[in-house]
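Spelled out from the first residue to the last, the chains are:
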Protein chains: 2
Amino acid sequence: MHSFKELSEKFNKAFEAEHFPTAPASLYEPGNYFLSIGGKRIRPVMCLLGNELFSDIHPDAYQLANAVELFHNFTLVHDDMMDEASLRRGKTTVHVKYDESTALLVGDVMLIRAYEYIQHIQPQYLPKILQLFNRTAKEVCEGQQLDMDFSKMENVSMDNYIHMITLKTSVLLAASLEMGAILGGASVNNCQHLYEFGKKIGIAFQVQDDYLDAFGDAAIFGKEPGGDIKQNKKTFLLIHALEVANATQKKELNDLLSSNAADKVEKVLAIFKSCGVDAWAEASKAKYMQEAFEHLEAIAVVSDRKKPLIELANYLMNRNQ
Amino acid sequence: MHSFKELSEKFNKAFEAEHFPTAPASLYEPGNYFLSIGGKRIRPVMCLLGNELFSDIHPDAYQLANAVELFHNFTLVHDDMMDEASLRRGKTTVHVKYDESTALLVGDVMLIRAYEYIQHIQPQYLPKILQLFNRTAKEVCEGQQLDMDFSKMENVSMDNYIHMITLKTSVLLAASLEMGAILGGASVNNCQHLYEFGKKIGIAFQVQDDYLDAFGDAAIFGKEPGGDIKQNKKTFLLIHALEVANATQKKELNDLLSSNAADKVEKVLAIFKSCGVDAWAEASKAKYMQEAFEHLEAIAVVSDRKKPLIELANYLMNRNQ
């Protein structure tokens, strides 16, 4: 059995291999560029963790892990286009460094490459994994669409926001664990608890991501803070602030949302702080973590095997990048 | 056994079913819109034809056919964005009717939906079909990238153009037939000849498509003629014209390529005609058809079973839309 850190190192080393052919370079060089700018590679490591929770690592777990990482990068390349983001992990995004058409095709071909890794999975596991992968992929697109829709709406309820980020973020974390577990021969019941563990962790992670986008350190976070605020993005923080703000704060917030003032970010952050949004985010994160750990507890394997998943959770929740 | 026309009708009827869930409507309504504007549905019917060449229609052949049609529509939605096309089949394109971000996600989710249809294929055929589907999907993206690259290059050789359109257009026709054949239990040798038949038909089809884009009737063709000329797209016609034009014609053509004159299309067409490009296109199409029929001939099944494929070829080659 391996620790979370060991599995991360193993995956990162394995992932250094070439993922694309050489020609046409105009398509694959931008693809390689984006893969090379790194990232935490959390999702593929979750495939390995889900797998090793139930068995020795199955050789196909790396194919699965590659598929998940390629899929995740596909979503990032296309999301960056939709968000008109110029930086990702501190580096120029594909549509800015190259052009929109190239970024569109690079994303497309990354998604297809993900399915090429899936195709190598043993026939006995292939249908079940392909089905979960497909369902998850569709949900992630639905989540992104809802995210865009919400950005144009005046009011978004916390329930709708949680539904959206569950689709956009959590289901891929959950499915990464479960697909690994399927390869490990896990029972349906164990798979379900592991999926729920991943889903709750995912929501906690998003609470933190929204927090970091507002209050994070640009040098560590790899992108300018306040991006969500500038785009009037509905986030855990903004939705909660609008729920708890007094009339004056609420009016000020709404006025800021319809402005492009130079000090917009600064002023919104000040309201967030005066509404206690930062403390609330901590508590909310803790609640989801608690629920996640209850599901982890319910998985019928000896507790020692669960340690790497606890390490993962701690890593994610204490991260400052 | 069914005729090409019967299979077309059967598929079109079956394809009327809903392909997407209802929510989020902001994602799936545009998807349904694009699917509803029709198209010839040639590729999915080719899955059925490839299948029935070797056996009674396998129930999974319709899953496969749906996958291929969804995949094709994914490429159209994204290609329209890259080409900045406002019309497709005489109707407003998705990125114009909705917006760029929606079109991006609609394309993505169509590609994933294609894989959802693939996932239902029986495990004994699934790995082989998934592999061919993936390879083909990647090649289609490569073809589209090369097409964009070529539009920025001054000179493109006929060989490079044929390579590009083979990837962009032919391999999907070829793979549609072969995937159907795999489901029909065809031998490797028969699969290869059928694939080559599809590939050659695809090139002939593209010669004609380039011809129609220049000389087609807007009312029938569903898009303005001369679109390729306006975009300085390298086509069979332009590349051949540049090969055979005399010095005066060549200079005039090159001058036109760097202009946006109102009568650009008209003048380029006049040069095409004076170079005999239209007659050459006919001859070229006939050559590829001849090669296609040689491969069809080589497939080891009784000739009666091949009749629907001959009907398909005739339909494609005499079409004026």
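Look up: the structure comes first, before these words.
Basis of the calculations
- Residues numbered from 1 in each chain as written.
- Chains lettered and ligands numbered in written order.
- Predicted model: local features only at pLDDT ≥ 70, side-chain atom pairs only at ≥ 80, totals over all residues.
- Heavy atoms only, no water.
- Least-squares fit on C-alpha atoms with pLDDT ≥ 70 in both.
- Contact = heavy atoms within 4.5 Å.
- Axes fitted to C-alpha atoms, helices over the stretch in contact; angles between N-to-C directions.
- Helix = DSSP H or I, 4+ residues; strand = E, 2+ residues; numbered from the N terminus.
- Parallel < 35°, antiparallel > 145°, perpendicular 65-115°, else oblique.
- Left-handed = near helix turned anticlockwise from the far one by under 90°.
- Nonpolar A, V, L, I, M, F, W, Y, C, P; charged D, E, K, R; others polar.
- Salt bridge = Lys/Arg side-chain N within 4 Å of Asp/Glu carboxyl O.
- Polar contact = N/O pair within 3.5 Å; in protein donor to acceptor, adjacent residues only side chain to side chain.
- Buried < 20%, exposed > 50% of the residue type's maximum accessible area, 1.4 Å probe, protein only.

(A) How the structure looks around the relation of the copies chain A and chain B. Superposing chain A onto chain B takes a rotation of 180° combined with a translation of 0.0 Å along the rotation axis, leaving an RMSD of 0.1 Å. Taken together, the rotation angle and the small translation identify this as a two-fold axis. The C-alpha atom lying nearest the rotation axis in chain A is that of A:Pro123; the distance is 3.3 Å. Most of the interface of chain A is mirrored in chain B, where 100% of its interface residues again form contacts.

(B) Structural context of the packing of helix 9 (residues 188-215) of chain B against helix 16 (residues 303-318) of chain B. Residue and element names in this part refer to chain B. Direction vectors running N to C along helix 9 and helix 16 enclose 15°, while the axes themselves pass 9 Å from each other. Put simply, helix 9 runs roughly parallel to helix 16. The two elements helix 9 and helix 16 meet at a crossing, and its hand is right-handed. Between helix 9, through Leu194, Phe197, Ile201, Ala204, Phe205 and Gln208, and helix 16, the contact on the second element is made entirely by Leu309, Ala313, Leu316, Met317 and Asn318. Among the residues making up the contact of helix 9 with helix 16, the classes are represented as 9 nonpolar, 2 polar and no charged.

(C) Broad picture of the interface of chain A and chain B. Each partner contributes to the interface: chain A provides 40 residues, whereas chain B provides 40 residues. Across the salt bridge formed by A:Lys152 and B:Asp99, the nearest N and O atoms sit 3.7 Å from each other. The tally of links from chain A across to chain B stands at 12 residue pairs in polar contact (both at pLDDT 80 or more). Among the secondary structure elements, those contributing two or more residues to the side of chain A that touches chain B are helix 2 (25-36), helix 4 (61-82), helix 6 (100-118) and helix 7 (126-152) of chain A. When its residues are assigned to classes, the side of chain A that touches chain B shows 22 nonpolar, 9 polar and 9 charged.

(D) Layout of the pattern of salt bridges. Evaluation of the coordinates by the stated rule reveals 30 salt bridges over all chains. Residues A:Arg113 and A:Glu116 are paired through a salt bridge, measuring 2.8 Å at the closest nitrogen-oxygen approach. Of the two residues, A:Arg113 and A:Glu116 both sit in helix 6, 3 residues apart, roughly one turn of that helix. For the pair shown, A:Arg113 and A:Glu116 are each scored as buried. B:Lys233 is the partner of B:Asp147 in a salt bridge, and the nearest nitrogen-oxygen pair spans 3.4 Å. Of this pair, B:Asp147 sits in helix 7 (residues 126-151) while B:Lys233 sits in the loop between helix 11 (227-230) and helix 12 (236-244), placing them 86 residues apart in sequence. Of the two residues examined, B:Asp147 and B:Lys233, each falls in the buried class. Ionic contacts of the salt-bridge type, sharing partners, join the residues A:Asp79, A:Asp147, A:Lys168 and A:Lys233 into one network.

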